[in-house]
Amino acid sequence: MAPYYEDNFMRKTKIYSILAAFIFLQGICFADAGFTGMAGGSSGFAGRFEQDDVDFTIPFNAFAAVQLNFGSWGIFRANLGLASKNLAEGNLFKGQDATLQMNECSLTLVKSKDNIKNYFGLYLGTYEVVGKDEYLQRHFGIEPVASILTKSATTLAGGVPLYNNEGAGFSYTMHFADAPGTIGCNLYFNTLHDAVLKFNVDLRTAWVTNHFIIDFAGGIGTPIKHDSSAYVLIDTIYLHGGVSMLFGNAHTSSFFIQGGIQNISLTSGNDNIDFDAGKDIFILAEPRINGKKVQVRFTGFSIPEELIHDFLYIDDTLGVALSIYSDMISLKTSNLTLGAHIIGALEGENFMTLLEKDEFTPDNTKINTYVTPFIDLPVANGTLEIMAQIGVCNILNSIYFKGKAKIGYRRAF
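Remember, it's a predicted structure, so these values are computed and weren't measured experimentally.

Caption draft 1: The overall build of the protein chain, seen in detail. Secondary structure assignment for the protein chain yields four helices and 20 strands. Evaluated residue by residue, the protein chain yields a buried proportion of 43% over its 413 residues. Looking at the protein chain alone, contacts between residues at least 24 apart form 55% of all its contacts between residues at least 6 apart. For the protein chain, the accessible surface area stands at approximately 21,400 Å², while carbon and sulfur atoms represent 62% of it.

Caption draft 2: Expanded view of the pairing of strand β9 (residues 197-208). Inspection of the sheet shows strand β8 (residues 181-191) paired to β9 by eleven bridges, in the antiparallel sense. Of the residues in β9, the one forming a bridge with Thr182 is Ala206. In sequence, β8 turns back onto β9 through a hairpin of five residues, with Ala195 there showing a positive phi of about 70°. Pairing of β9 with strand β10 (residues 212-223), which is carried by eleven bridges, proceeds in the antiparallel orientation. In the strand pairing of β10, Val201 is matched with Ile220. Remark: three residues form the turn of the hairpin made by β9 and β10, two consecutive strands paired antiparallel.

Caption draft 3: Region of interest: the pattern of salt bridges. Counting across every chain of the model gives nine salt bridges. The residue Glu104 makes a salt bridge to Arg138 at a minimum N-O spacing of 3.6 Å. One end of the pair, Glu104, is in strand β5 (residues 98-113); the other, Arg138, is in helix α2 (residues 134-140), and 34 residues separate them in sequence. The exposure class assigned to Arg138 is partly exposed, which follows from its relative accessible area of 31%. Across the salt bridge formed by Asp315 and Lys402, the nearest N and O atoms sit 3.8 Å from each other.

Caption draft 4: Summary view of the packing of aromatic side chains. Within this structure, the stated rule accounts for ten aromatic pairs. Considering the side-chain rings of Phe120 and Tyr172, the 5.1 Å spacing of their centres and the 40° angle between planes classify their relative orientation as tilted. Of this pair, Phe120 sits in strand β6 (residues 116-125) while Tyr172 is found in strand β7 (residues 167-176), placing the two residues 52 residues apart along the sequence. With a relative accessible area of 34%, Phe120 lands in the partly exposed category. Considering the side-chain rings of Phe212 and Phe247, the 5.2 Å spacing of their centres and the 45° angle between planes classify their relative orientation as tilted. Of the two residues, Phe212 sits in strand β10 while Phe247 sits in strand β11 (residues 236-247), which places them 35 residues apart along the sequence. Through pairs of rings, three or more aromatic residues link up here, namely Phe212, Phe247 and Phe255. Sitting over the ring of Tyr400, Arg48 keeps its end group 4.0 Å from the ring centre. Over the ring of Tyr135 we find Arg204; its NZ or CZ atom is 3.9 Å from the centre of that ring.

Caption draft 5: Summary view of the environment of Gly291. Among the structural elements, Gly291 can be located in the loop between β14 (281-290) and β15 (295-302). Owing to a relative accessible area of 37%, Gly291 belongs among the partly exposed residues under this scheme. Separated by 35 residues in the primary sequence, Gly291 and Ser326 have C-alpha atoms spaced 9.2 Å apart.

Caption draft 6: The nonpolar core, seen in detail. Judged by nonpolar contacts, the single largest core of 39 residues is most densely connected at Leu136 and Ile303. Sorting the residues of this core by element identifies α2, β9, β10, β14, β16 (318-330), β18 (367-379) and β19 (382-393) as the ones contributing at least two each. Setting aside residues no more than four positions away along its own chain, Leu136 makes contact with Gly141, Ile142, Val145, Ala206, Val208, Ile213 and Asp215.

Caption draft 7: Molecular detail of the pairing of β14. Taken together, the eight bridges between strand β12 (residues 254-267) and β14 define a ladder with antiparallel strand orientation. Within the sheet, the bridge partner assigned to Gln258 lies in β14 and is Leu284. Note that β14 and β15 share six bridges and pair antiparallel. Among the inter-strand pairings, Ala285 is bridged to a residue of β15, identified as Gly300. With antiparallel pairing between neighbouring strands as the criterion, β14 and β15 make up a hairpin whose turn holds four residues.

Caption draft 8: Structural context of the side chain of Asp280. Mapping Asp280 onto the fold places it in helix α3 (residues 277-280). With no salt bridge to any partner, buried Asp280 finds its closest opposite charge in Lys279, at an N-O distance of 7.5 Å. Leave out the neighbours within four places in its chain, and Asp280 touches Gly260, Ile261, Gln262, Asn263 and Phe275.

What counts, and where the lines are drawn
Residues numbered from 1 in each chain as written. Predicted model: local features only at pLDDT ≥ 70, side-chain atom pairs only at ≥ 80, totals over all residues. Heavy atoms only, no water. Helix = DSSP H or I, 4+ residues; strand = E, 2+ residues; numbered from the N terminus. Buried < 20%, exposed > 50% of the residue type's maximum accessible area, 1.4 Å probe, protein only. Contact = heavy atoms within 4.5 Å. Areas by Shrake-Rupley, 256 points an atom, 1.4 Å probe, with all protein chains shown as cover. Pairing = 2+ DSSP bridges. Salt bridge = Lys/Arg side-chain N within 4 Å of Asp/Glu carboxyl O. Phe/Tyr/Trp six-rings, centres within 6.5 Å; stacked < 30°, edge-to-face > 60°. Lys NZ or Arg CZ within 6 Å of the ring centre and 35° of its normal. Core = buried A, V, L, I, M, F, W, Y, C linked by side-chain atoms within 4.5 Å. Lys, Arg positive; Asp, Glu negative; His and termini not counted.

Next comes the structure, spelled out in structure tokens:
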């Protein structure tokens, strides 16, 4: 009965939280509120071409986000995402390959005192997860620092969650006016794969200077179980955390690094530390060379497989990339961005399996290469991105080809 109780608890929590948010908004709907929003998405085609088999799909991704600012004391945000692996099968709103997800629904209250701003938040979904630029941009107003290689097909924005903080919870952030930093904590509930309720406590801090940026979060999760001898039984602790660091800044040559872990379990009576490197560890390192008109990025990455589906450029979990682009190509009223990614990857591998291999043979190693030109155009107060990708896969054994082309658009309003 425990899994049913805990899953039912999460459903009730989400329903009551949404109702409370709507009741609250009704009470302030006549207040002086400022509205901003953003919407976008991408679609195109993707194909896999072998001698005796051709697989063709039409993927579709979209999102819509709104923000209501109630004077200087409150912020309401909502973010909805829609994705389908193949529009050709008519599965936009149905089927296992289609997802409609409320990514974020949050209400943040702001209280200023002396030289400190205090932010108190209630939320459902994924809230300012470390690894993306949302937290840094909201609190410091800086330019995006995430790798352009990790651009999302849904939002067309860079960054990737370094661990999963999705759930229902409370957030507190203290922002120092006299120092370029924040500290805070998150308390939230979510569930494990077997529907067991898990309570999480995370600590968060971020600091921004002219030559160094860091965004760090980490914490523990404790499954809440029941048995005949105790109403609440805690025998396992899950560790999770993530950090993004930029040495330098957007206007100089720099070095960007990200690392994340999740579901690192410590169990009472067991001396082993259990985790799955392919699912639970994220690593990205990226030296950046910024010229006057041309930018160069060298990127190495090991990415959990469950995150791959949302990327615009990356199709494999382990690899290296060379990105060359210029965002200084002048138009009459603005600049466009033109460039290309050259990616080499090992299919189905991660950094742990790479270290454990004794030898590399055509039978146990699948090497894939990709060339991806892209262009970003300012259109109608938004950004239109056009990309194409050609992949030569399994080049040591039985070569086949992959290709895709997508058009994406993102606009704030």
